[in-house]
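The residues making up each chain are set out below.
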There are 2 protein chains.
Amino acid sequence: MTRYQELRQTLNDEIAAGVFEIGGKFPTEFELCERFGVSRHTVREALRALEDNGLLSRQAGSGTTVLARKATALYTQTLDSLAGLFDYATDTVFEKRHEGFVTIRERLAETLGCSIGERWLRFAGLRRLATNGIAICWTEIFVAEPYSAIRSALGDATDPIYELLQRQFDLEISEVEQRISAISMPIEIAQALEAETHAPALLVRRRYFAGSANPFEVTLSIHPGDRYAHTQRLHRDRKRKAPSTG
Amino acid sequence: MTRYQELRQTLNDEIAAGVFEIGGKFPTEFELCERFGVSRHTVREALRALEDNGLLSRQAGSGTTVLARKATALYTQTLDSLAGLFDYATDTVFEKRHEGFVTIRERLAETLGCSIGERWLRFAGLRRLATNGIAICWTEIFVAEPYSAIRSALGDATDPIYELLQRQFDLEISEVEQRISAISMPIEIAQALEAETHAPALLVRRRYFAGSANPFEVTLSIHPGDRYAHTQRLHRDRKRKAPSTG
DNA sequence: TGCCATCATTTGTCCGGTCATTTAAGGTTG
DNA sequence: CAACCTTAAATGACCGGACAAATGATGGCA
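Since this is a predicted model, take the numbers as computed values, not measurements.

**Let's talk about the interface of chain A and chain B**
Part 1 of the argument: Between chain A and chain B, the residue contacts involve 53 residues of the former and 54 residues of the latter.
Part 2 of the argument: A salt bridge links A:E45 to B:R48, with the shortest nitrogen-to-oxygen separation between them at 2.5 Å.
Part 3 of the argument: Elements supplying a minimum of two residues to the side of chain A that touches chain B: α1 (3–16), α3 (40–52), β3 (75–79), α6 (161–169), β7 (175–184), β8 (200–209) and β10 (230–236) of chain A.
Part 4 of the argument: It is β7(A) that contributes the most residues to the side of chain A that touches chain B, 10 residues altogether.
Part 5 of the argument: Along the lines of polarity and charge, the residues of the side of chain A that touches chain B split into 17 nonpolar, 20 polar and 16 charged.
Part 6 of the argument: Where β10(A) and strand β8 (residues 175–184) of chain B come together, 6 bridges link them in antiparallel fashion.

And the structure:
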């Protein structure tokens, strides 16, 4: 085993044993260099692994903080791509009906989860199955103003907007929040979807984050209740008596 | 932006543009050092990021291989326990209204996802917030017949039924499937919940598996659309291969 | 020909150092 | 007292170098 691997295991064990208080400060890189007689590079490599495991948090100027005793994830849902969020059987196409800037008012602020007065670029339209053209849902896509320049890059693109945003602005989606609620199908949307007005519908809101506390994109999808159900599966990935992580 | 970030983006773009053949060799670290006039450390940091994104594969002695044109990120939802499935803000209590065996007929077979003629033990009732007693949902719990002995063990237990089942029958829940759809609030349930009849409601079906292809427990929850929304968060995994703990 | 030792290549590990950026703390000033 | 400035300390970025380990090709030998 290499030095930084040994160091990582040693520190991992000490954290698990409760040597350091959770939320408290971890020794600095120089202190660890002295204590273990290794270079700063070796220490940083070990700390990096512990940070990846979610045990530590590091901040320039502030230092290293202990986040947890051990990595705990008992049940996980894994998606190979964000396309997995849209658990449709086949490919879909977006049929744009509206495009333009909106200024958020009270109603929309609540549903989108953003602040009143903000300006967002909005696309709205139908999403259809590519195979037979059946309309699955009404979709509204909101892009935060700083990124509204993608509007020109859209054109004939068939990629999801978050993919275009990632490329053009070098964003890395760090988190996606998905919120599902039941609403009554609005009249205009019912017409576009050829669905029954005021019938129960599924409202799916997805907020895309890239590091910041505010999302850079928010999408709303309204599905007729009889055409779509959201399904997810969670797998257990650790045995009951498993610990002995090191 | 730092140098290795710029380098990462440049190489990322070149890979995406098809400059390198998939499965073919990528330039060596030294070649990249010369070409971009940076140190090996900077190159390695950029390559590391590309490897984490699943674009490259590196092998000591052999070199670097191109795996894909586009980054295929992994997004995971992690739960420390199954209690995380119920994303209520506070504790809840179950108020039992019905208890007994049912034989599955056509309608129920479809909603539960089981076969006609099967016998299940059924509990039905209200779930209330422990703090203020507000009814959140109508809940129906179905336990497969082989485990119906749990009925006697229930009594005053406040634990979730899947916990009791796990203990009494030494089951280990391996998978949970959650299905969310929008329905119209049925009359009887609307009355019990003091909600509006035929208003949009959220139907959450959870099926609990323990190795077998058939669930040992299925629960249905019907939430008034204006009282509850289901929320889940997905995090991007920084690395495709799980970081080892040592 | 088939096998094995050798060697050059490439990535992995580790060392030393320097400067930049971020943060918290302390002191100064209006 | 609040706002600002300075300073120290910590992590982040970057450089140059050295050796280790893995790999694949080369060439000699039975």
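**Remarks on the pattern of salt bridges**
Residue and element names in this part refer to chain A.
Part 1 of the argument: By the definition in use, this model includes 36 salt bridges over all chains.
Part 2 of the argument: When the shortest N-O distance is used, the salt bridge between E99 and K96 registers 2.8 Å.
Part 3 of the argument: Notably, a salt bridge pairs E177 with R205, separated by 3.0 Å at the nearest N-O pair. Placement of E177 in strand β7 and of R205 in strand β8 is noted, with a sequence separation of 28 residues between them.

**Things to note about α3(A)**
Part 1 of the argument: Between its terminal C-alpha atoms α3(A) stretches 18 Å, which fits the 18 Å expected from 13 residues at 1.5 Å a residue.
Part 2 of the argument: Residues of α3(A) that are buried include every one of A:T42, A:V43, A:E45, A:A46, A:L47, A:A49 and A:L50, and no others.
Part 3 of the argument: Those residues of α3(A) that are buried lie in contact with α1, α2 (29–36) and β1 (56–59) of chain A together with α3 (40–52) of chain B.
Part 4 of the argument: A:G54 lies just past α3(A) and shows a positive phi near 80°.

**Brief notes about the protein's contact with DNA strand C**
Part 1 of the argument: Inspection of the region around DNA strand C gives 23 residues, with A:R3, A:S39, A:T42, A:G61 and B:R40 positioned closest.
Part 2 of the argument: Taking all atoms of DNA strand C within 4 Å of the protein, the share assigned to sugar and phosphate is 69%.
Part 3 of the argument: A:R3 has a polar backbone atom sitting 2.4 Å from a phosphate oxygen of DNA strand C.
Part 4 of the argument: Side-chain polar atom of B:R44 to a phosphate oxygen of DNA strand C: 3.1 Å apart, as the coordinates give it.
Part 5 of the argument: Secondary-structure elements contributing two or more residues to the surface near DNA strand C are α1 and α3 of chain A together with α2 (29–36), α3, β2 (56–59) and β3 (63–66) of chain B.
Part 6 of the argument: Counting residues per element, the surface near DNA strand C draws most heavily on α3(A), which supplies 3 residues.
Part 7 of the argument: When its residues are assigned to classes, the surface near DNA strand C shows 5 nonpolar, 12 polar and 6 charged.

**Things to note about the sheet that holds β2(B)**
Residues and elements named next belong to chain B.
Part 1 of the argument: Spatial ordering of the open sheet is given by β1-β3-β2, a layout of 3 strands whose pairing is antiparallel. What marks the edges here is a single partner per strand, and that holds for β1 (25–26) and β2.
Part 2 of the argument: Relative to β3, β1 is paired through 2 bridges, and the arrangement is antiparallel. Residue pairing in the sheet places F26 in a bridge with T64 of β3.
Part 3 of the argument: Contacting β1 and β2, α3 runs over the sheet at an angle of about 120° to β2.

**Description of the packing of aromatic side chains**
Part 1 of the argument: According to the stated counting rule, one finds 9 aromatic pairs over all chains in the structure shown.
Part 2 of the argument: Pairing A:Y147 with A:F216 gives two aromatic rings, centres 6.1 Å apart and planes at 70°, and the pair type is edge-to-face. In this pair, A:Y147 sits in the loop between β6 (135–144) and α5 (150–154) while A:F216 sits in the loop between β8 and β9 (217–224), placing the two residues 69 residues apart along the sequence.
Part 3 of the argument: Under the relative-accessibility criterion, A:F216 is labelled buried at 3%.
Part 4 of the argument: Centre to centre, the rings of B:Y162 and B:Y208 are 5.3 Å apart; their planes meet at 20°, and the pair counts as stacked. On the criterion of sequence distance, the pair formed by B:Y162 in helix α6 (residues 161–169) and B:Y208 in strand β9 (residues 200–209) is long-range, its members being 46 residues apart.
Part 5 of the argument: The rings of B:Y147, B:Y162, B:F169, B:Y208 and B:F216 are connected pair by pair, giving a single aromatic cluster.

**Digging into the protein's contact with DNA strand D**
Part 1 of the argument: Around DNA strand D lies a shell of 23 residues, among which A:R40, B:R3, B:Y4, B:S39 and B:T42 are the nearest.
Part 2 of the argument: At the protein interface, 70% of the atoms of DNA strand D within 4 Å belong to sugar or phosphate.
Part 3 of the argument: In the environment of DNA strand D, a phosphate oxygen lies 3.1 Å from a nitrogen or oxygen atom belonging to the side chain of B:Y4.
Part 4 of the argument: For the surface near DNA strand D, the elements supplying multiple residues, two or more each, are α2, α3, β1 and β2 (63–66) of chain A together with α1 (3–17) and α3 of chain B.
Part 5 of the argument: The element contributing the most residues to the surface near DNA strand D is α3(B), with 3 residues.

Conventions we followed
Here the residue numbering is sequential within each chain, running from 1 through the sequence in written order. Chain A is the first chain written and ligand 1 is the first ligand written, with later ones labelled in order. Since the coordinates come from a predicted model, pLDDT governs what is reported: local features require at least 70, and pairs of side-chain atoms require 80 or more to be given and counted, while whole-chain, interface and lining totals use all residues. Side-chain numbers come from the whole structure's heavy atoms, not from hydrogens or water. Only heavy atoms enter the contact rule, under which two residues are in contact if any of them lie within 4.5 Å. Here a salt bridge means any side-chain nitrogen of Lys or Arg lying within 4 Å of a carboxyl oxygen belonging to Asp or Glu. We count a stretch as a helix when DSSP gives it H or I for four or more residues in a row; a strand needs E for two or more, and each element gets its number in order from the N terminus. Charged means Asp, Glu, Lys or Arg here, nonpolar means Ala, Val, Leu, Ile, Met, Phe, Trp, Tyr, Cys or Pro, and polar covers whatever is left, Gly included. Two strands pair under a simple rule: DSSP has to find at least two bridges between them. To estimate how far a helix should reach, multiply one less than its number of residues by 1.5 Å. Think of it in three bands: residues with accessible area under 20% of the maximum for their type are buried, residues over 50% are exposed, and the middle band is partly exposed, with areas taken using a 1.4 Å probe on protein chains only. The near set for a molecule or strand comprises every residue that places at least one heavy atom within 4 Å of it. Throughout this description, a polar contact denotes any pair of N or O atoms lying within 3.5 Å of each other; where both atoms belong to protein, one of them has to be capable of donating a hydrogen while the other can accept it, and for residues adjacent in sequence the pair is counted only when both atoms sit in side chains. What counts as an axis is a line fitted to C-alpha atoms, over the stretch in contact for a helix, and the angles between N-to-C directions run from 0 to 180 degrees. Between rings of Phe, Tyr and Trp, where Trp is taken as its six-membered ring, a pair exists when centres lie within 6.5 Å; planes separated by under 30 degrees are stacked, by over 60 edge-to-face, and by other angles tilted.

Coordinates in, geometry out; function isn't part of it.
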